[in-house]
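Breakdown of the fold
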Amino acid sequence: MSMLFQLRGDSTVIEFLQSYPARVQDVILRKWQEAATRISDRIKQKLSGEVLHPKTGRLRASIVARVYAGKSHVTLSTGSRGDVPYAALHEYGGTVLIPPIVPIKASVLRFYTGYAKVFARHTAAHLVNIPERSYVRSTMDEMIPSFSDLLIDAAIEARSRRR
């Protein structure tokens, strides 16, 4: 599961950016990479207890942010690497079918429902609703307003290097 944020411009903007020498284009790309790192760090912060409380840390460890630069666009991609199957379920919420469970090594199952301890010979199949716990989309919503500042900083730095 990943989210994409693309900056695309009309031909005038593209020509303007392409008119800069490679070293100036590198400044702009570096700013985008800095933004990717900030986004990735913020998502990992949310997965450290703010939105989800980690049990194993696999989801947090799977978070990546990459920047791809083309001739006419820059793409920032962020999300889980894809090796954590429950990443999208936590981001968007959903319903999971829990199959029947029977004890294998014991004669009964022991589990908790709320604070009550329950003993049972088996459980029936049942649905569990997992609420939405957005960590990627909510981070992007928080950070998109700062992208305009990032672009302004990149333009100022690029202009000063062009001279």
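Residues numbered from 1 in each chain as written. Predicted model: local features only at pLDDT ≥ 70, side-chain atom pairs only at ≥ 80, totals over all residues. Heavy atoms only, no water.

1. Description of the overall build of the protein
Counting its regular elements, the protein contains 5 helices and 7 strands. When the helices and strands of the protein are read in sequence order from the N terminus, they spell out β-α-α-α-β-β-α-β-β-β-β-α. The contacts of the protein with a sequence gap of at least 6 include a subset with a gap of at least 24, amounting to 70%. Looking at the protein as shown, the accessible area adds up to about 10600 Å², and 56% of this sits on carbon and sulfur atoms. (Helix = DSSP H or I, 4+ residues; strand = E, 2+ residues; numbered from the N terminus. Contact = heavy atoms within 4.5 Å. Areas by Shrake-Rupley, 256 points an atom, 1.4 Å probe, with all protein chains shown as cover.)

2. Quick look at the side chain of Arg42
Inspection of the secondary structure puts Arg42 in helix H2 (residues 22-50). Taking the relative accessible area as the measure of exposure, Arg42 reaches 17% and is therefore buried. When residues no more than four places from it in sequence are discounted, the contact partners of Arg42 are Glu50, Thr139, Glu142 and Met143. (Buried < 20%, exposed > 50% of the residue type's maximum accessible area, 1.4 Å probe, protein only.)

3. As for the confidence of the model for the protein
When the pLDDT values of the protein are averaged, the result is 84; 83% of them are 70 or greater. When mean pLDDT is taken per element in the protein, strand S4 (residues 94-98) scores highest with 96 and strand S1 (residues 2-8) scores lowest with 51. (pLDDT = per-residue confidence, 0-100.)

4. Describing the pattern of salt bridges
Inspection of the entire model under this criterion finds 7 salt bridges. Between Arg81 and Asp83 there is a salt bridge, and its shortest N-O distance comes to 3.3 Å. Judged by relative accessible area, which is 47%, Arg81 ranks as partly exposed. For Asp83, a relative accessible area of 40% corresponds to the partly exposed category. For Arg137, the salt bridge identified is with Glu91, shortest N-O distance 2.8 Å. Of this pair, Arg137 sits in helix H5 (residues 137-162) while Glu91 sits in helix H4 (residues 87-92), and the two are 46 residues apart along the sequence. A residue is classified by how much of its surface remains accessible, and Arg137, at 23% relative accessible area, is partly exposed. One network of salt bridges, in which partners are shared, links Arg42, Lys46, Glu50 and Glu142. (Salt bridge = Lys/Arg side-chain N within 4 Å of Asp/Glu carboxyl O.)

5. Things to note about the environment of Lys44
One can find Lys44 in helix H2. Its relative accessible area of 28% is what places Lys44 among the partly exposed residues. The residues touching Lys44, leaving out its near neighbours within four places in the chain, are Arg60 and Ile63.

6. Overview of the nonpolar core
Ranked by internal contacts, the top residues of the largest apolar core, which has 22 residues, are Trp32, Leu76, Tyr135 and Phe147. For this core, the secondary-structure elements that each account for two or more residues are H2, strand S2 (63-69), strand S3 (73-80) and H5. A per-element tally of this core places H2 first, with 7 residues. (Core = buried A, V, L, I, M, F, W, Y, C linked by side-chain atoms within 4.5 Å.)

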